[in-house]
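Geometric and topological summary
Now for the letters of each chain:
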Amino acid sequence: MSAAPTNATAGNHTSATPTATPSTAAEVAALVGGDLRGDPAAPAGPPAGVDQAQPGAVTFLRSRKFAKRWAASKATTAIVSADAVPEEIGDGRAVIVVPNADLAMVAVLTAYAPKPLQRVPGVHKTAHVDDDAHIGQGVHIGPGCVVEAGAHVGDGSVLIANNHLGAHARIGRGCTLHPGAIILERCVMGDASVLHAGAVIGGDGFGYVPDPKTGAPAKLPHIGNVEIGSMVEIGPNTCVDRGKFGATTIGDATKIDNLVQVGHNVTIGRGCIICALTGIAGSVIIGDGVIIGPQVGIADALTIGDRAQLGGQSGLITNMPGHERWIGLPAMAAHTQVRNWSASRSLWAIMRDLKRLEKKGVLRLESLERFQKRVEEQERKRKSTSK
């Protein structure tokens, strides 16, 4: 092991010195740079939802739907999107108008968040770090971690507990591996990226070929790796499979939720958001800035263009252009799918009316079997004519 010395006390930690948090509407307005309306001295305690807030809390109103609930809320301060300002503010209360309440929420939640524990640099006595591993400066390697030969841990990175870094795997500077997160051999992660508990990077892709000699599936070796960019965050129990050959890649600043499956040789662009329970089959190419909702299934070898949005529980079976929003199963453009759904709700009534017209002799409905027989007969006539 090179660089950082072993430290039997690694894993101990202390809380950071608390910093001042805003306590009035005026202080919150200064924090987010918003337009304060109402009482500047209105209390602004820890944030809460508009319906759950207790007196003195600060809340968020991102849309008119939430703004309608402001009057009944016990919160005294609200951060409000510019298009969702309540009609009345109320005595002793304040609203802070910003272009985007969700974005302003980042600064407010950061100000009120418990300060993270400071991890002491060093290697816990129960960790195993191979002599051929390279450990940067200020690295914390907690209890039960294993760092194999040739692995590299960048400066200031933290392996909290029970992490595994395979042979010749590399993580950059300022990364965090939460308990049980694993990066297997030869996989790479850039700077300031985060793996949450139980994430597995670099497992074998699911590749098998039927073997008639044995009658059992033959396993395809996966000799590639996974390459993850910088500022990427991957949620608990998400799995990213290594490439069959070449790399499975995830671009900078992409955020992946819990329980997502990323198949072998998938390419995910920069700044994407992929929600929980999504499955991405092998060799899919996803552009930059794509948003994928929860429980989405994406068939293999498809391409999704930049800035596309795929709604929750969609099933994608064709390539998807960029800058479009698709929903449904099979997924298609949202405006088309909504029209299809609307029509299907009236299908029973349409069939009822058609049958009534048939009984009156206005039209004749042809059964599927009769239709098929007629098509087959026409095909036979066409072939005989062509001879």
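Throughout what follows, the structure given in this document is the object of discussion.

**Notes on the sheet that holds strand E40 (residues 325–327)**
Reading across the sheet, the 12 strands line up as E9-E12-E15-E18-E21-E26-E29-E32-E35-E38-E40-E41 and stay open at both edges, with mixed pairing between neighbours. Edge positions in the sheet fall to strand E9 (122–123) and strand E41 (332–333), since each has one partner strand and no second. Inspection of the sheet shows strand E29 (residues 255–256) paired to strand E32 (residues 273–274) by two bridges, in the parallel sense. Bridging across to E32, Lys 255 finds its partner in Ile 273.

**Some points on the packing of aromatic side chains**
This model, assessed by the stated rule, comprises one aromatic pair. Arranged with centres 5.2 Å apart and planes meeting at 70°, the rings of Phe 206 and Tyr 208 form a pair that is edge-to-face. Judged by its relative accessible area of 71%, Phe 206 is exposed. By relative accessible area, Tyr 208 is classed as partly exposed at 41%. One cation-aromatic arrangement involves Arg 93 over Trp 70; the distance from NZ or CZ to the ring centre is 3.6 Å.

**Some thoughts on the environment of Ser 283**
In this fold, Ser 283 is placed in the loop between strand E33 (279–280) and strand E34 (285–286). Residue Ser 283 is classed as partly exposed on the basis of its relative accessible area of 35%. Distance from Ser 283 to Cys 187, taken between C-alpha atoms, is 18 Å for residues 96 residues apart in sequence. Sequence-distant contacts of Ser 283, that is, excluding residues within four places in its chain, are made with His 264, Asn 265, Val 266, Ala 301 and Leu 302.

**Re the sheet that holds strand E3 (residues 35–38)**
The five strands are arranged E3-E7-E6-E5-E4 in an open sheet whose pairing can be described as mixed. Where the open sheet ends on each side, the last strands, each with one partner, are E3 and strand E4 (45–47). Sheet twist, expressed as the average angle between the axes of neighbouring strands with direction ignored, equals 25°. Examined bridge by bridge, strand E5 (residues 57–61) and strand E6 (residues 77–81) share four bridges and lie parallel to one another. Directly across from Thr 59, in E6, lies its bridge partner Ala 78. Helix H1 (residues 25–32) contacts E3, E6 and strand E7 (94–98) of the sheet and is inclined by roughly 5° relative to E7. Here helix H3 (residues 101–112) sits on the sheet in contact with E4, E5, E6 and E7, set at roughly 160° to E5.

Calculation notes
Residues numbered from 1 in each chain as written. Predicted model: local features only at pLDDT ≥ 70, side-chain atom pairs only at ≥ 80, totals over all residues. Heavy atoms only, no water. Pairing = 2+ DSSP bridges. Helix = DSSP H or I, 4+ residues; strand = E, 2+ residues; numbered from the N terminus. Phe/Tyr/Trp six-rings, centres within 6.5 Å; stacked < 30°, edge-to-face > 60°. Buried < 20%, exposed > 50% of the residue type's maximum accessible area, 1.4 Å probe, protein only. Lys NZ or Arg CZ within 6 Å of the ring centre and 35° of its normal. Contact = heavy atoms within 4.5 Å. Axes fitted to C-alpha atoms, helices over the stretch in contact; angles between N-to-C directions.

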